[in-house]
Amino acid sequence: MVSKESGEEEMRRRRRWIRGFLGLGFCVQGFRCFPWTAINFFLKDSLNASPSTLQLLQNSANLPMVGKPLYGVVSDAVYVGGQHRIPYIAVGALLQAVSWLAIAILSSPNMSIFSITIYLLLSNLGASIAEVANDAIVAELGKQDRQQSSSSSSSSGELQSFVWMASSVGGVLGNLAAGRFSPHATFSAFGALLAVQFLVTAAFSESSLGLPRTPAPSGAGVREQLRELADALGKPEIARAISWLAASYAAIPALTGTMFFYQTRHLKVEPSMMGISRVFGQGAMLAWSIVYDRYLKSVPVRKVTSYVQATMAVLMFSDFLFVRGVYRYAGVPDTVYVVFFSGLLEVLYFFKILPFSVLMAQLCPRGCEGSVMAFLMAAVALAFVVSGYLGVALASCVGVTADDFSGMPVGLLVQAVCTILPLFWCSCIPEEKPRTGKKKD
């Protein structure tokens, strides 16, 4: 009896450590919007970047995210001091801290766009390494919970929903603070926060999280992991699901940089209002994680993502009406639309990732969780880069510049039509949740 009680107490203590560690990591991950909002205004106001230059930089800076499968394979196979997750999170936090502190020290109107791009690439390299390791921990622990729980349906997706909420809370806090400080102060504060995360992460041990401490030979481990990743991606249900998710993003020519210029330069929306808009969006993301965890986990992923995709198309058509002035003529102030609808559309892109993360955690074979989850997020990152470049091309085709937005309605209409296209091949998403077989010893 005493042994059983002590075991339950140990389990509760471990869960507190797990939630505290992952909560910090994903909260900081969500808080990254804080300096990125300042980067957008710094590029527009201090460096006089054009809409196309801003969007090209935003998407090019995400290129390190495409390397996530490699980081996942290394994290799965190469142990550092008997650990294979926490060391990579620490390295990722350190790279981000160095890059943001460098931007803070060097930020001035004389700073070149090339220099800031290099530092942003370094920051996103660190962020992608940390995200891969964090996602792998969630996948590993989530699978352990399902195997240990007598009711897999009640435990499935619980940890994924928790870290999604933590990321959303970080996003809300970051957007509340965005635009209220100078760029130098913003970059310095975020760099200091990442330094704190590095120190806290370095003090943790994977044994406190219940992760295995089984060193593997580096060379053979990487080759074996690559083979297992190839085998996992060869499964039709995994390959088709990832292909659909990536294509559903890549098919949409994003006009984020152009819309940012339209709202801040043409409509004169204040930075604080842009922050409030993103706060509303992060609040919607937090609400989505709660609703999904409580009511939608048992709903087939195909149905959930199809509804999300259709809602995106509706809101993009709403943007077309907004730029045409329909809502303004109806008495709706521009700032009201920007705060509510633009904020919601910005995060609606990411709503599909939560159910897909839960699905991938169930589908991927044991032992290569980090690799498969990393490949999923890399495919999404590459799709966003392609989407951003297509958006630059679309803005150029319709003649949108920093001072001429007459072609915006046509561009937004094309964007809305492209958003509908992935619905025609949503059958690629598995309707049922297949069981995941254990990796053979």
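Procedures and definitions
Each residue is numbered by its place in its chain's sequence as written, counting from 1. Since the coordinates come from a predicted model, pLDDT governs what is reported: local features require at least 70, and pairs of side-chain atoms require 80 or more to be given and counted, while whole-chain, interface and lining totals use all residues. Water and hydrogen atoms were dropped before computing side-chain values, which therefore reflect all heavy atoms in the structure. Buried residues of nine kinds, namely Ala, Val, Leu, Ile, Met, Phe, Trp, Tyr and Cys, make up a nonpolar core once their side-chain atoms join them within 4.5 Å. Per-residue accessibility, obtained with a 1.4 Å probe over protein chains only, is compared with the maximum for each type, and a residue is labelled buried under 20%, exposed over 50%, and partly exposed between these values. Starting at the N terminus, helices and strands are each numbered in turn, a helix being any DSSP run of H or I of at least four residues and a strand any DSSP run of E of at least two. The contact criterion used throughout is that any non-hydrogen atoms of two residues lie within 4.5 Å. Only centres within 6.5 Å qualify two rings of Phe, Tyr or Trp (six-membered ring in Trp) as a pair; their planes then separate them into stacked at under 30 degrees, edge-to-face at over 60, and tilted for everything else. Definition used: whenever NZ (Lys) or CZ (Arg) falls within 6 Å of the ring centre and also within 35 degrees of the ring normal, the charge is taken to sit over that ring. A side-chain nitrogen of Lys or Arg and a carboxyl oxygen of Asp or Glu constitute a salt bridge if their distance falls within 4 Å. Like-charged residues within 9 Å of one another, or nonpolar side chains (Val, Leu, Ile, Met, Phe, Trp, Tyr) within 5 Å, are grouped into patches, provided each residue has over 30% relative accessible area and no salt bridge. Under the convention used here, a 1.4 Å probe and the Shrake-Rupley method define accessible areas, while residue burial counts only the protein chains that appear. Contacts described as polar in this section are N or O atom pairs within 3.5 Å, which, within protein, must combine one atom able to donate a hydrogen with one able to accept it, while residues neighboring in sequence count only if both atoms come from side chains. All axes are obtained by fitting lines to C-alpha atoms, using only the stretch in contact for helices, and the reported angles, taken between N-to-C directions, cover 0 to 180 degrees. Two helices crossing with the near one rotated counterclockwise from the far one by less than a right angle form a left-handed crossing, whereas a clockwise rotation gives a right-handed crossing. Each residue gets one label: Ala, Val, Leu, Ile, Met, Phe, Trp, Tyr, Cys and Pro are nonpolar, Asp, Glu, Lys and Arg are charged, and the others, such as Gly, are polar. These descriptions rest on fixed angle ranges, namely under 35 degrees for roughly parallel, over 145 for roughly antiparallel, 65 to 115 for roughly perpendicular, and the rest for oblique. Between the first and last residue of a helix there are one fewer steps than residues, each counted as 1.5 Å, and that sum is the expected span. In this scheme, the bend at a residue equals the angle between the axes fitted to the seven residues that finish there and the seven that begin there. Known as pLDDT, the predictor's confidence for each residue is given on a scale from 0 to 100.

For the rest of this paragraph, the subject is the nonpolar core. Nonpolar side chains in soluble globular proteins generally cluster together in the buried interior. Among the nonpolar cores identified, the biggest contains 47 residues, and Trp288, Phe351 and Met360 are the most heavily contacted of them. Mapped by element, the contributors of at least two residues to this core are helix H10 (218–233), helix H11 (236–250), helix H13 (271–296), helix H14 (301–323), helix H16 (334–348), helix H17 (353–363) and helix H18 (369–397). Among all residues touching Trp288, those that are not within four sequence positions of it are Trp164, Leu296, Val304, Val308, Phe351, Leu354 and Pro355. Core analysis: the second largest hydrophobic core is formed by 45 residues, Val28, Leu47, Ile116 and Phe405 among them.

Tallied over the full model, the rule gives 24 aromatic pairs. Ring geometry for Phe34 against Phe181: centres 6.4 Å apart, planes inclined by 85°, an arrangement best described as edge-to-face. Here Phe34, found in helix H2 (residues 33–46), pairs with Phe181, found in the loop between helix H8 (158–177) and helix H9 (183–202); they are 147 residues apart in sequence, far enough to count as distant. Between the aromatic rings of Phe350 and Phe384, the centroid separation amounts to 5.6 Å while the plane-to-plane angle is 35°, which identifies the pairing as tilted. Here Phe384 lies in helix H18 and Phe350 lies in the loop between H16 and H17, a separation of 34 residues in the sequence. Grouped by ring-pair contacts, the aromatic residues Phe31, Phe34, Trp36, Phe42, Trp100, Phe181, Phe187 and Phe190 constitute a single cluster. Across the ring face of Phe162, the terminal group of Arg19 is positioned such that the distance to the ring centre comes to 4.6 Å.

Let us look at the pattern of salt bridges. All told, the structure shown has eight salt bridges when counted by the stated rule. Across the pair Arg265 and Asp403 runs a salt bridge whose closest N-O atoms are separated by 3.9 Å. Here Asp403 lies in the loop between H18 and helix H19 (408–420) and Arg265 lies in helix H12 (residues 256–266), a separation of 138 residues in the sequence. Judged by its relative accessible area of 29%, Arg265 falls in the partly exposed class.

Moving on, we get to a nonpolar patch on the surface. Taken together, the side chains of Phe280, Val336, Phe340 and Phe341 present a nonpolar region at the surface, about 320 Å² in accessible area. Counting residues per element, the nonpolar patch draws most heavily on H16, at three residues. Looking at the secondary structure, you find Val336 in helix H16.

Another aspect to go through is the environment of Phe424. Tracing the backbone through its elements, the reader meets Phe424 in the segment after H19. Overall, Phe424 belongs to the exposed group, its relative accessible area being 68%. With 118 residues separating them in the primary sequence, Phe424 and Ser306 have C-alpha atoms 9.7 Å apart.

Relative to the elements of secondary structure, Lys68 occurs in helix H4 (residues 68–77). Taking relative accessible area as the criterion, Lys68 reaches 3% and is therefore assigned buried. Separated by 2.7 Å, the side chains of Lys68 and Glu131 make a polar contact. Setting aside residues no more than four positions away along its own chain, Lys68 makes contact with Ser128, Glu131, Val132, Ala374, Met377 and Ala378.

Let us look at the side chain of Ser99. Along the chain, Ser99 falls in helix H5 (residues 86–106). At a separation of 2.8 Å, a polar atom in the side chain of Ser99 contacts the main-chain carbonyl oxygen of Gln96. Setting aside its immediate chain neighbours within four residues, Ser99 contacts Tyr119, Leu122 and Ser123.

Looking now at the packing of H8 against H17. Put simply, H8 and H17 touch, their axes get as near as 10 Å, and they point 145° apart. Relative to H17, H8 is oriented so that their crossing is right-handed. Of H17, the residues touching H8 (which contributes Gln160, Ser161 and Trp164) are Ile353, Leu354, Ser357, Val358 and Ala361. Residue classes in the contact of H8 with H17 are distributed as five nonpolar, three polar and no charged.

Two numbers describe how H8 lies on H13: the axes approach to 8 Å, and their chain directions differ by 165°. On the basis of their axis angle, the class for H8 and H13 is roughly antiparallel. Considering only the axes of H8 and H13, their crossing is left-handed. Between H8 and H13, the contacting residues are Glu158, Ser161, Trp164, Met165, Ser167, Ser168, Val169, Gly171, Val172, Asn175 and Leu176 on the first element and Gly275, Arg278, Val279, Gln282, Gly283, Met285, Leu286, Trp288, Ser289, Ile290, Tyr292 and Asp293 on the second. Residue composition of the contact of H8 with H13, by class: eleven nonpolar, nine polar and three charged.

It is worth spelling out H16 at this point. In a regular helix each residue adds 1.5 Å, so 15 residues correspond to 21 Å; H16 covers 20 Å between its end C-alpha atoms and thus fits that length. At Ser342, H16 shows its maximal kink, close to 25°. Residues Asp334, Tyr337, Val338, Val339, Ser342, Gly343, Leu345, Val347 and Leu348 constitute the buried set of H16.

On average, residues of the chain score 83 in pLDDT, and 89% of them are at 70 or above. When mean pLDDT is compared element by element in the chain, H19 scores highest at 94, while helix H7 (residues 152–155) scores lowest at 42. The low-confidence segment residues 150–156 (pLDDT under 50) makes eleven contacts with residues lying over four places distant or belonging to another chain. Across residues 433–441 the pLDDT falls below 50, and counting only partners more than four positions away or on other chains, this stretch makes 18 contacts in the model.

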